[in-house]
Amino acid sequence: MWIDTHSHLYLEAFSSDIDAVIQRCLDNRVNHIFLPNIDNKSIAPMMALQEKNPQLFFPMMGLHPCDVNENFEQELMQMEVWMQSNTFFGIGETGLDLYWEKKHLDLQIQSLIRHIKWAKQFQKPLILHARESFPELLEVIESEMDETLFGIFHCFTGDNEIAERILDLNQFVFGIGGVISYPKSDLKKTLKIIPIEKIVLETDSPFLPPTPHRGKRNESAYIPIIAEHLVDVYQLPLQTIAEITSSTAKNIFKI
Ligand SMILES: [Zn+2]
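Quick caveat: nothing in here was measured; it's all calculated off a predicted structure. (Residues numbered from 1 in each chain as written. Predicted model: local features only at pLDDT ≥ 70, side-chain atom pairs only at ≥ 80, totals over all residues. Heavy atoms only, no water.)

Each helix and strand counted, the chain has nine helices and eight strands in total. Over its C-alpha atoms the chain spans a radius of gyration of 17 Å, differing by no more than 12% from the 18 Å that the globule rule assigns to 255 residues. Dimensions along the principal axes, computed over C-alpha positions, put the chain at roughly 45 × 40 × 35 Å. Buried residues in the chain amount to 55% of all 255 residues. In the chain, 74% of the contacts between residues at least 6 apart in sequence involve partners at least 24 apart. (Helix = DSSP H or I, 4+ residues; strand = E, 2+ residues; numbered from the N terminus. Rg over C-alpha atoms; globule rule 2.2 N^0.38 Å. Buried < 20%, exposed > 50% of the residue type's maximum accessible area, 1.4 Å probe, protein only. Contact = heavy atoms within 4.5 Å.)

In this section: the coordination of the zinc ion. Protein ligation of the zinc ion involves His6 (NE2), His8 (NE2), Glu93 (OE) and Asp204 (OD), the donor distances falling in the range 2.0 to 2.6 Å. Taken together, the four donor atoms coordinating the zinc ion and their angles of 86 to 177 degrees define a geometry best described as irregular. Here the donor residues for the zinc ion map to a single chain with the spacing H-x1-H-x84-E-x110-D. Residue histidine 8 is found in the loop between β1 (2-4) and α1 (18-27), and its partner aspartate 204 is found in the loop between β8 (199-201) and α8 (223-234); the two are separated by 196 residues along the sequence. No difference in accessibility class separates histidine 8 from aspartate 204, as the two residues are buried. (Donors = N, O, S within 2.8 Å, 3.2 Å for Na, K, Ca; no water. Tetrahedral: all angles 85-135°; square planar, octahedral: opposite > 155°, others 65-115°.)

Interpretation in functional terms is not warranted from these geometric data alone.
Written out as structure tokens, the structure reads:
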């Protein structure tokens, strides 16, 4: 079986054909899909999708760094109410994104620190998003690190030095998605220093589709296409890649 550890299948992009999308996941043996939240508006559709198929979908709770603004405290308070009466399998996605909104860096850091507190309190994995922000993000994580904090650097695209700092944290793994299939990406080179046991697979649907689906909508059924690229890197059969990455994901999410 395969696990997609990061997929936004509850978004509008899938609303017209979600049943067919789900069927393609099952046809490709993608049997568990973890849903990172984005903001307060995405919670209801995310929970509705889980209700549709609770064996397949596992919701998580958090505020995406691109959606952190002056009102973030209020959004986080509403999320805390949801967490009192529902089970969420991870905290996120959170992190730092300096691609669009450099002016909100201080607010993004405050929001990230609140997510770290939740992750420690509920003993759930922290789901981290980083874009043009690995040094800033790692500085926060390293200073908050203790034996209770663990999680995933989702859509990992860092270089060897960043990879080594994440490996040194010991309790974080690398989310690998469609970027690995892009000819211009150096990710395959960086993976040479990352043990296969430290990797989980993800699509980040509907974003970042693997080749040959670039420019179109991504979906969770493409996980095996991403995994094919790990066959080259690790010289292991596809079946072994499935077993190891699924076992790592199950350990992290405690399912
Ligand atoms: Zn995402």
